[in-house]
Amino acid sequence: MELASPALRRAVSAVAAASVAVTLAAACTSTGQDDEDADGVGRIVFADSHDTTRGRQIKRLVDAWNGRHPDERVEMVELPENSDDQRAQLVAHAQDAAAAREREAGGEAAAATGADACYDVVSIDIIRTAEFARWGYIVPLDRDEFEAEAFLARPIEGASYRGGLWAIPLRADVGLLYYRKDVLDQAGEHVPKTWEALHRTALRVAPANKLAGYVTQLGAYEGFTVNAMEAFWDTGGEILGPKGEILARPEALRDGIDRLHQGISEGWIPRETLSFNEEGSRAAFQDGTALFMRNWTYAYQVLNSSGSRVAGRFGVAPLPTPSSLGGWNLALSRCSRHRDTARRFMRFLTGPESQRTLFSQAGVAPTRKALYDDAALRSAYPHLAIMREGIEGARTRPVTPYYDQVSSLIQTHLRRALVEPGTMNREWVAVRDRELRILNEQMRTAADGR
């Protein structure tokens, strides 16, 4: 779904005019003709989120590349773990690099930091691909060169924009339901396949075992948007239509936000979850304090690591709701002067052996189809088939250059309805409807040009 209509562009820019203005300024300076030396070889900079993989596997792969290519060394820059903070730093560097190139094109001497401003290869959250493509921060890739057909279809969709390939999937991701297998087996319960079954099981089994029912990510960041979207999809709600039309009608979203409120008010979703990110919920589950957890694929190997209180005592299944497609893509920055090196490094990181290493050593979901059919991997990692099922059935969050503004509106208004004092009692309906109405009106008022 691309948010492309002029009316909706006005809607989100009116809500966050300052943010969009900065982005547009970058667009004006980054879409000029590429330099003739752009396809050169040499040292490049690779920007990725902080390497939290077990054994720092991303850094090890970079070191392996450097050992084989001493004249084309890759400097790895580790960015903040938070996707929003990472985006801010990547955009700032893209703008700085574009401005430096414009000054050079105009005959001005390059600033001392001009060359260093470019991150040649960037790892971007799947939800940022459209934004970075639209504003010219990255350049399109050749599907044949990067063997696009060898990758799972859903991650490739998340790396595409307006029919073109703008990135290549490095890490696929999908939400999974982690559960205490030992506790469910002892209680004679099945793994829930619907939200209603999750609700019933959490209420019935968790208190008897002195456990929280369900932990997830409801903190004030993108994790809340993910959980809200999954709740909306499961109850028939949508934020945007396929042509960018606004579908955030209060009546369509009411059931989704109600179920989160119900879980918190009944106590089987602990109120602490309102401050949890992925690591917060993972730590709670790994400490043995929760019956169920929604989290991404990375958690599997962490939970089974030495010293984990739940190692060998948990299972994993598809979410009982539709899952948001997650993951991170590698993209080639427009500012890069050594694109030949950059493209080969990208192919190296997303190649079969690197993908195998990232999965077997760090639990990162592969993006290449062949690894899911590998008999040795399937035997050693029974959850591999569950991961593929989840990824292939996952839903994509709105594909739009203005995604940050859409997500911010969801967090601002719908999360407020859960955390505002008084919403845990009969005032809930009034607060919920007020915030849903404001969300709808803010988008529509701006879209109407008022």
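Residues numbered from 1 in each chain as written. Predicted model: local features only at pLDDT ≥ 70, side-chain atom pairs only at ≥ 80, totals over all residues. Heavy atoms only, no water.

Quick word on the overall build of the chain
Summing up its helical and strand segments, the chain has 19 helices and eleven strands in all. Taking all 450 residues of the chain together, 56% fall into the buried category. Across the chain, every contact between residues at least 6 apart in sequence was considered, and the portion connecting residues at least 24 apart equals 76%. A total of about 18,300 Å² of accessible surface is found on the chain, and carbon and sulfur atoms cover 49% of it. (Helix = DSSP H or I, 4+ residues; strand = E, 2+ residues; numbered from the N terminus. Buried < 20%, exposed > 50% of the residue type's maximum accessible area, 1.4 Å probe, protein only. Contact = heavy atoms within 4.5 Å. Areas by Shrake-Rupley, 256 points an atom, 1.4 Å probe, with all protein chains shown as cover.)

Comments concerning the pairing of strand β10 (residues 314-318)
Of all five residues that make up β10, four are buried, and the element is covered over most of its length. Looking at chain direction, strand β7 (residues 176-180) and β10 are connected through five bridges and run antiparallel. Its bridge partner lying in β10, Arg180 is registered against Phe314. (Pairing = 2+ DSSP bridges.)

Looking at the sheet that holds strand β11 (residues 325-332)
With mixed pairing, five strands are arranged side by side in an open sheet as β2-β1-β3-β11-β6. Each edge of the sheet is formed by a strand with only one pairing partner; in this case those strands are β2 (74-79) and β6 (168-174). Going across the sheet, the axis of each strand differs from the next one's by a mean of 20°, ignoring polarity. Relative to β11, β6 is paired through six bridges, and the arrangement is antiparallel. (Axes fitted to C-alpha atoms, helices over the stretch in contact; angles between N-to-C directions.)

Things to note about the packing of helix α3 (residues 57-68) against helix α14 (residues 352-362)
Two numbers describe how α3 lies on α14: the axes approach to 10 Å, and their chain directions differ by 145°. Pair α3 / α14 crosses with right-handed handedness. The segment α3 lies against α14, with Gln57, Ile58 and Leu61 engaging Ser354, Thr357, Leu358, Gln361 and Ala362. Partitioned by chemical class, the residues of the contact of α3 with α14 number four nonpolar, four polar and no charged. (Left-handed = near helix turned anticlockwise from the far one by under 90°. Nonpolar A, V, L, I, M, F, W, Y, C, P; charged D, E, K, R; others polar.)

Looking at the side chain of Arg294
Take Arg294: it is sitting in strand β9 (residues 290-295). Given the relative accessible area of 0%, Arg294 is considered buried. Looking at Arg294, its side chain comes within polar contact range of the side chain of Glu230, at 2.9 Å. Ignoring sequence-local partners within four residues, the contact set of Arg294 consists of Gly175, Leu176, Tyr214, Val215, Thr216, Gln217, Val226, Asn227, Glu230, Ser281, Leu319 and Ser323. (Polar contact = N/O pair within 3.5 Å; in protein donor to acceptor, adjacent residues only side chain to side chain.)

Here's the deal with the nonpolar core
Counting 50 residues, the largest nonpolar core has Phe46, Ile138, Ile168 and Phe345 as the members making the most contacts within it. With five residues, the top contributor of residues to this core is helix α13 (residues 339-349). In this view, Phe46 contacts Ile58, Val62, Val74, Glu75, Met76, Val77, Val121, Ser123, Leu330, Phe345 and Leu349; residues no more than four positions away in its chain are not counted. Leu253, Leu260, Ala317 and Leu439 belong to the second-largest nonpolar core, a separate cluster that totals 42 residues. (Core = buried A, V, L, I, M, F, W, Y, C linked by side-chain atoms within 4.5 Å.)

With respect to the confidence of the model for the chain
Per-residue confidence for the chain averages 86 on the pLDDT scale, and 86% of its residues sit at or above 70. In this model, residues 1-33 is a region of pLDDT below 50 whose contacts with residues beyond four sequence positions or in other chains number 73 contacts. Taken together, the stretch residues 446-450 has pLDDT below 50 and engages in ten contacts with residues farther than four places along the chain or on a different chain. (pLDDT = per-residue confidence, 0-100.)

A look at the environment of Arg87
Along the chain, Arg87 falls in helix α4 (residues 83-105). Along the primary structure Arg87 and Phe132 are separated by 45 residues, whereas in three dimensions their C-alpha atoms are 9.6 Å apart.

A word on the environment of Phe292
Mapping Phe292 onto the fold places it in strand β9. Classification of Phe292 by relative accessible area gives buried; the value is 0%. Separated by 94 residues in sequence, Phe292 and Leu198 place their C-alpha atoms 8.5 Å apart. Setting aside its immediate chain neighbours within four residues, Phe292 contacts Leu177, Tyr178, Tyr179, Leu184, Pro192, Leu198, Thr201, Ala202, Gly213, Tyr214, Val215 and Phe285.

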